[in-house]
Amino acid sequence: MAELVTYARQGTVGVIAIDNPPVNALGAGVRKGLVDCLDKGNEDPEAKALVLIGGGRTFPAGADITEFGKPPASPTLPEVIAAYEDSAKPVLAALHGTALGGGLEVALGCDWRCASKDAKLGLPEVKLGILPGAGGTQRLPRLIGAENALTVIVGGEFVAAPEALEWGLIDEIVSGDLPAGAIAFAERIVAEERPRRRVRDMEVSAAPELFEGFRRTVAKRQRGFIAPLRCIESVENATRLPFDEGLAAERAMFVELVASPQAEALRYLFFAEREVAKVPGIDKDTPLRRIASVGIVGAGTMGGGIAMNFANAGIPVTLVEAVEEALDRGFSAILGNYSANVDKGRLTQKEADDHTGRLTGSVNFDDLAKADLVIEAVFEDMALKKEIFAKLDAVCRPGAILATNTSTLDIDEIAAATSRPQDVIGTHFFSPANVMKLLEIVRGDKTADDVLASVMRLCRVISKVGVVVGVCDGFVGNRMLHAYWDQAYSLILEGALPQQVDKALYDWGWAMGPFAVMDLAGTDVSWRVRQAKAERRDRNKPYPAAVADRLCGKGRFGRKTGAGWYRYEEASRAPLPDPAVEALILEASAEMGIARREIADEEIVERSLYALVNEGARILAEGVAARAGDIDVIYHYGYGFPRYRGGPMFCADEIGLEKVLAGIRAFEERQPGLWTPAPLIVRLAGEGKGFRDP
Ligand SMILES: NC(=O)c1ccc[n+]([C@@H]2O[C@H](COP(=O)([O-])OP(=O)(O)OC[C@H]3O[C@@H](n4cnc5c(N)ncnc54)[C@H](O)[C@@H]3O)[C@@H](O)[C@H]2O)c1
């Protein structure tokens, strides 16, 4: 087997090179090699200084994540770093690619750091629910100050080389060949007889307000996450404890976090997100169709937002509306959105101009003739969608991908309106489409593999997380959402109020409670769906949406009408509990003969979760979602399910399906007709298995 780390000398400089593709992860073998090669360098009489460098495309991009949760083999990363810090000869780390996590921590154990100009540095551990556990929280603030260190460690974002140079995180940017530049730098260190520079010996101080400020920001932006708070605590330790004590405290927090349920959930979701890119039955070498121009039919709420995604990614878009007036309305909404982003400092005027410059409007379908991909986003009406697809079939070039943004309709029926159903696919964006990361990609019966693969690839171009789902009413996300909303509706009939339900779920970690979401999206949207399905409804089953119907009957469509489940004061988005809604709810409970009772928050959380899980299990069994992880990714990115809880299916596995089944059965007794345990849960619980090992 090739050596994972090698030592070679060039003139007076010893070069320690790591060769562990693809990202030079710091697994046990690399760690041992690093220490062995350091010894070789220190023993080499010709070497005056040492350079540590990564082979291939990057300096180590982190620890070996597959080793998480296992007892670390010796030498551990902190031992490796201590060895470099105690090296008899000066060490220069030469960074390129992505020097992340443990990789950057190793570099912090060296005397100097240089980097290629496009290198990215960072300590992203917080995103996996942990903190940098090999001295990162103690060394980084000593090197670049507490505030910059907090930004890097608590935010977990990358730092580009120029900024790293400004902060003193690196000492030099090498613009040409990195190994040659690093060796030249090391030779200068020797020639100039520069004194050794151990980061651990540096001092850092900061005012307590700095840390309080970061804690307040975390409470707002990373609500419920434990790791960011530990990161702050640990950086604060660097300002008030001797190095070794701070290091020991960091280690203790790392050990606690690594084994925490949050870290487990975050690791799970990290892998689930990678898995979604692998679509069962689709070869990764499937040839892709070119998507260099896009057409969009319908410039309403969704069409406009969808168009922005492509314009932002540098792809020209033609927006087609039925009439000029609608087109103007659509364009002014898009322009308004861009100018708001400029005002908020999120975009420069030049960027906004470039993006809008890629948008063209038309009321003529012929202008879609050359588009590589057309996305239809007109009203949710089957007859209209079929008419549009027939027109697209007539004008679009052969091989163009024809997509629909429908949220409920049967893609196969829409595809059948064309002579090329193999080119038809569903692209279900979430509102606001220029912001929400999720894209449900609906695979029709006849959708060609290369169409699916091309749309999956496109997700990367427009920075979306694409999850492939099958055709059914509501696909994965909205189908589960209806089961979840039915519980919200039932809970208020039984004794809770919207504000209690919302608060219980918000406190549990959801971005918003269900009633606040309905007010935001417009309560009329699901009302129309219920009306459309009213005739087919099974009258023998309970109908929990009764209050929702009455609310809509009064024109309370949510924020847009100033009232929905809550009331809204002029110019404020804050939902305020409304006695009129409470009266409506009490009246409905009384009419339905329901004796209202106190409902504990735990019951609200449990019923909401189990409703999602039970429907999710059916979706899995039907093959509408390929994996439990796909469902969880959908719930996080599309519905604000707390990331640190993994996802509904992950939660169910953690609770244990036997217990989940017992809970569902107990609810079934109380609410017959609303609950029937999904056969998959019954089977898996019986076999002592979970959704992740079916
Ligand atoms: N709003 C959401 O939250 C949301 C989320 C996901 C999916 N969807 C789906 O997206 C689609 C569009 O929804 P929306 O909320 O943007 O609706 P919208 O009413 O805001 O926009 C629809 C647009 O289509 C245009 N249109 C109608 N007939 C047309 C025709 N013959 N030719 C060209 N344009 C025509 C209308 O003028 C209007 O601008 C629907 O299928 C909906 O189910 C909506």
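Notes on the structure in this doc start here. (Residues numbered from 1 in each chain as written. Predicted model: local features only at pLDDT ≥ 70, side-chain atom pairs only at ≥ 80, totals over all residues. Heavy atoms only, no water.)

1. Let's talk about the sheet that holds strand β5 (residues 98-100)
(1) Moving on: Here three strands make up an open sheet; going across it, the order is β5-β7-β8 and the pairing mixed. The outermost strands of the open sheet, each flanked by one partner alone, are β5 and β8 (159-160).
(2) Moving on: In the sheet, β5 pairs with strand β7 (residues 120-122) via three bridges, with the strands oriented parallel. Each residue of the ladder has a partner; that of L100, found in β7, is G122. (Pairing = 2+ DSSP bridges. Helix = DSSP H or I, 4+ residues; strand = E, 2+ residues; numbered from the N terminus.)

2. Here's the deal with the nonpolar core
(1) Moving on: Core analysis: the biggest nonpolar cluster contains 102 residues, and L392, V476, W510, F515, W565, Y635 and F691 have the highest contact counts within it.
(2) Moving on: Once residues lying within four places of it in the same chain are set aside, the contact partners of V476 are E440, V469, I619, V624, A625, I631 and I634.
(3) Moving on: Listed in part, the 67 residues of the second largest apolar core include V30, V159, I170 and V235. (Core = buried A, V, L, I, M, F, W, Y, C linked by side-chain atoms within 4.5 Å. Buried < 20%, exposed > 50% of the residue type's maximum accessible area, 1.4 Å probe, protein only. Contact = heavy atoms within 4.5 Å.)

3. Brief notes about the environment of K32
(1) Moving on: Relative to the helices and strands, K32 is located in helix α1 (residues 28-43).
(2) Moving on: Each C-alpha atom, one on K32 and one on D538, is 67 Å from the other, the two residues being 506 residues apart in sequence.
(3) Moving on: Here D36 takes part through its side chain, which lies 2.9 Å from a polar atom of the side chain of K32. (Polar contact = N/O pair within 3.5 Å; in protein donor to acceptor, adjacent residues only side chain to side chain.)

4. Some points on the pattern of salt bridges
(1) Moving on: One pass over the full model with this rule turns up 53 salt bridges.
(2) Moving on: Across the salt bridge formed by E603 and R607, the nearest N and O atoms sit 2.7 Å from each other. Of this pair, E603 and R607 both sit in helix α24 (residues 601-622), four residues apart, which is roughly one turn of that helix. The same class applies to E603 and to R607, which are both buried.
(3) Moving on: Through salt bridges that share partners, E494, R597, E603, R607 and R670 make up one connected network. (Salt bridge = Lys/Arg side-chain N within 4 Å of Asp/Glu carboxyl O.)

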